[in-house]
Structures are given as structure tokens and as C-alpha cells.
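Notes for the structure review
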Amino acid sequence: GAVVSQHPSWVICKSGTSVKIECRSLDFQATTMFWYRQFPKQSLMLMATSNEGSKATYEQGVEKDKFLINHASLTLSTLTVTSAHPEDSSFYICSAPRASSSYNEQFFGPGTRLTVL
Amino acid sequence: GQQVMQIPQYQHVQEGEDFTTYCNSSTTLSNIQWYKQRPGGHPVFLIQLVKSGEVKKQKRLTFQFGEAKKNSSLHITATQTTDVGTYFCAGGGSNYKLTFGKGTLLTVNP
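Sequence order as written defines the numbering, with residues in each chain counted from 1. Labels are handed out in written order, letters beginning with A for the chains and numbers beginning with 1 for the ligands. In keeping with the predicted nature of the model, local features appear solely for residues at pLDDT of at least 70, side-chain atom pairs appear and are counted solely at 80 or more, and the whole-chain, interface and lining totals rest on all residues. The basis for every side-chain value is the complete set of heavy atoms in the structure, and neither hydrogens nor water enter the calculation.

1. Looking at the sheet that holds strand 1 (residues 4-7) of chain A
By way of backbone hydrogen bonds, the strands of a sheet pair with one another, either parallel or antiparallel. All names here are of chain A. Taken in spatial order, the four strands of this open sheet run 1-3-8-7, and their pairing is antiparallel. Each edge of the open sheet carries a strand with a single partner, namely strand 1 and strand 7 (67-73). In this sheet, adjacent strand axes meet at a mean angle of 15 degrees when their direction is disregarded. What makes two strands pair is DSSP finding at least two bridges between them. We count a stretch as a helix when DSSP gives it H or I for four or more residues in a row; a strand needs E for two or more, and each element gets its number in order from the N terminus. In terms of strand pairing, strand 3 (residues 19-25) meets strand 8 (residues 76-81) through six bridges, oriented antiparallel. By the bridge assignment for strand 8, Glu22 is matched with Thr78. Whenever a helix is involved, its axis is fitted only over the stretch in contact; in every case the axis is a line through C-alpha atoms, and angles between N-to-C directions fall within 0 to 180 degrees.

2. Things to note about the state of the cysteines
To count as a disulfide, a pair of cysteine sulfur atoms needs to be within 2.5 Å. Within this structure, the stated rule accounts for two disulfides over all chains. Here Cys23 of chain A pairs with Cys94 of chain A through a disulfide, and the sulfurs are 2.0 Å apart. Its S-S torsion of about 80 degrees marks the bond between Cys23 of chain A and Cys94 of chain A as right-handed, since a negative value means left-handed. Placement of the pair is Cys23 of chain A in strand 3 and Cys94 of chain A in strand 9 (residues 90-97), with a sequence separation of 71 residues. As far as burial versus exposure is concerned, Cys23 of chain A and Cys94 of chain A are alike and both buried. The disulfide partner of Cys23 of chain B is Cys89 of chain B, and the S-S distance across this bridge is 1.8 Å. For the disulfide bridge between Cys23 of chain B and Cys89 of chain B, the dihedral angle about the S-S bond is near 70 degrees, and by the sign convention the bridge is right-handed. With Cys23 of chain B in strand 3 (residues 19-25) and Cys89 of chain B in strand 9 (residues 85-92), this pair connects stretches of sequence that are 66 residues apart. Burial classes follow relative accessibility: with a 1.4 Å probe on protein chains only, a residue under 20% of its type's maximum area counts as buried, one over 50% as exposed, and anything between as partly exposed.

3. Things to note about the sheet that holds strand 3 of chain B
All names here are of chain B. Reading across the sheet, the five strands line up as 1-3-8-7-6 and stay open at both edges, with antiparallel pairing between neighbours. On the outer flanks of this sheet lie strand 1 (4-7) and strand 6 (55-58), each paired with one strand and no other. Here the strands of the sheet are splayed against their neighbours by 15 degrees on average, with no regard to which way each runs.

4. With respect to the nonpolar core
Take the buried residues of types Ala, Val, Leu, Ile, Met, Phe, Trp, Tyr and Cys, join any two whose side-chain atoms come within 4.5 Å, and each joined set is a nonpolar core. With 25 residues, the main nonpolar core has Val4, Phe28, Trp35, Leu79, Tyr92 and Leu114 of chain A as its most contacted residues. Counting 19 residues, the second largest nonpolar core, distinct from the first, contains Val13, Phe63, Leu74 and Cys89 of chain B.

5. Examining the environment of Ala78 of chain B
Residues and elements named next belong to chain B. Secondary-structure assignment places Ala78 in the loop between strand 8 (71-76) and strand 9. By relative accessible area, Ala78 is classed as partly exposed at 32%. For Ala78 and Gln3, which are 75 residues apart along the polypeptide, the C-alpha to C-alpha distance reads 31 Å. The residues touching Ala78, leaving out its near neighbours within four places in the chain, are Gly16, Glu17, Asp18 and Arg60. Contacts are assigned to residue pairs that have any heavy atoms within 4.5 Å of one another.

6. A few points about the pairing of strand 1 of chain B
Residues and elements named next belong to chain B. What you see with strand 1 is a clean split: Val4 and Gln6 sit on the buried side and Met5 and Ile7 on the side with no burial. Examined bridge by bridge, strand 1 and strand 3 share four bridges and lie antiparallel to one another. The partner of Ile7 across the bridge, within strand 3, is Tyr22.

7. A short note on the packing of aromatic side chains
When we look at a pair of aromatic rings, we describe it by the centre distance and by the angle of the planes. Between rings of Phe, Tyr and Trp, where Trp is taken as its six-membered ring, a pair exists when centres lie within 6.5 Å; planes separated by under 30 degrees are stacked, by over 60 edge-to-face, and by other angles tilted. On inspection of all chains with the given rule, the structure shows eleven aromatic pairs over all chains. Relative to Phe108 of chain A, the ring of Tyr36 of chain A has its centre 5.6 Å away and its plane inclined at 40 degrees; by these criteria the two rings are tilted. You can see Tyr36 of chain A sitting in strand 4 (residues 32-38) and its partner Phe108 of chain A sitting in strand 10 (residues 106-108), a full 72 residues away along the chain. Ring-pair connections join several aromatic residues into one group, and the members of that group are Tyr36 and Phe108 of chain A together with Tyr35, Phe45, Phe88 and Phe100 of chain B.

8. Some details on the side chain of Asn51 of chain A
Residue and element names in this part refer to chain A. Inspection of the secondary structure puts Asn51 in strand 5 (residues 44-51). The class for Asn51 is buried, based on a relative accessible area of 18%. Every residue in contact with Asn51, bar those within four places of it in the chain, is listed here: Thr31, Thr32, Ala56, Thr57 and His71.

9. Regarding the interface of chain A and chain B
Each partner contributes to the interface: chain A provides 19 residues, whereas chain B provides 18 residues. Simply put, the buried area is the total loss of 1.4 Å probe accessible area from both parts when two parts are fitted together. Both sides of the chain A and chain B interface together cover about 1700 Å² of buried area, and 59% of this is carbon and sulfur. Sorting the residues of chain A by area buried against chain B places Tyr103, Asn104 and Phe108 of chain A first, and these three jointly supply 30% of that buried surface. What counts as a salt bridge is simple: a side-chain nitrogen of Lys or Arg found within 4 Å of a carboxyl oxygen of Asp or Glu. Our enumeration of links across chain A and chain B arrives at one salt bridge. Linking Lys97 of chain B and Glu59 of chain A is a salt bridge whose minimum nitrogen-to-oxygen distance equals 2.9 Å.

The structure is reproduced here in C-alpha cells:
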């Protein structure tokens with residue numbers, strides 16, 4: 001199957017700092033990537049759709065100035081959590097569909113666990 | 001917007017018992033997908049259903065898509081400890097966008 005990587009896998013930062021998370025499709029090109037956050041024992045909440053070469057589309061209630069998304073190439077999307085606060089602590093997961101796949105499934109990265117002190 | 005409800009939230013079974021999780025959408029779905037997330041892991045695609053009334057099987061797993069394409073179920077026969085995890089249904093929309101249900105956490109007592 002297709003492989004999607006995320007870096008870092010976990011990060012601890014101080015309140016007020018910014019954190020960048022990378023999502024890469026390793027063996028396919030992805031014009032679209034998705035960013036989710038997941039709280040413990042809860043579902044995946046879609047934050048935004050990352051579009052290569054254009055602005056990201058944010059879901060209702062997600063602050064675009066706080067969660068900056070850049071999709072600069074066909075294999076890389078980045079999510080920057082700006083001025084992080086403890087309530088931003090969560091599990092952030094990216095995913096990407098592969099156009100050549102028989103299905104419309106999404107391939108998920110391993111996730112990044114963010115802890116803001 | 002589209003909402004996907006999933007029940008039950010938790011299910012604990014003895015090894016060998018069957019397990020079923022149900023998914024309901026507020027709107028007609030173009031497709032429904034099922035994912036499994038092991039504890040500490042990330043969601044992994046299991047199956048996609050597209051046709052009204054579709055039934056697909058994967059070994060001990062049976063997936064169904066309702067006639068109205070608004071509900072779906074996943075049934076596991078004779079559960080094993082390796083089945084432990086959270087099972088999510090996700091309604092497919094345009095441009096690959098998915099709306100996830102809350103998931104059902106399955107635990108299996110050996």
C-alpha cells in the first residue's frame with residue numbers, strides 16, 4: 001500500500017511557541033492532503049484540506065491563522081500550530097488519497113502527538 | 001453538513017463471540033469506508049462500499065451498505081484478540097473528503 005510519513009512523531013513545546021508538523025507521501029503524489037486532530041478515545045476531526053499550489057480549505061471553527069497549512073509540493077504538506085497553548089495538545093494526523101487507487105481510500109500518516117506545556 | 005453516527009461507542013466481548021458496529025448518515029452517501037485503528041496507531045483502510053445493498057466479506061469481517069445508502073454495518077464473526085481496536089466508518093464526499101463516525105472501541109477478553 002501507499003506510504004505516508006509524518007515528522008515529528010511527538011513533540012513537547014512551551015506555551016506560546018510554534019510547532020511545524022510535516023506530512024509526506026513517500027511513494028505517490030498527492031495534490032490533496034487532509035489534516036485531522038484526534039483527542040484521546042475520540043474520533044478524527046477534519047481540520048482542513050490541503051491543496052497543492054493553492055490555499056487550504058478550513059473546516060468550520062478551525063482558525064486558519066492559528067493552524068497554518070502549506071502544500072508546497074506534490075509530496076509534502078506542513079501544518080504549523082502557531083502560538084501553541086495547552087488546549088492545542090492533541091494527536092494530529094494527516095492523510096492523502098492516491099489517485100491511482102481502485103478506491104477513494106485515504107492513507108494515513110502515523111500521527112504526531114503534540115503536548116504543550 | 002453531513003453527520004455520521006456510529007454505535008455502540010464501546011463493545012467488550014469474549015474471544016469467539018461476534019461483534020457488530022452500526023453506522024448511520026444524515027444524508028445519502030456516495031460511498032462509505034471502514035477503517036481500523038489499533039491502540040496507539042493510525043487508521044488503516046479496510047473496505048469501501050459504493051453500491052446500494054452491497055455486501056462484502058473479508059475473512060471473518062462482513063460489511064454491508066444499506067439500500068438507501070444511508071447506513072452501514074461491520075460484523076466480525078468469532079472475534080480474536082487481534083481484532084482489538086477502534087473501528088470507524090466514514091462517509092465519502094466530494095474530492096475524497098471523509099466524514100468520520102465516532103468509532104466503536106472493541107476489546108476482546110481472551
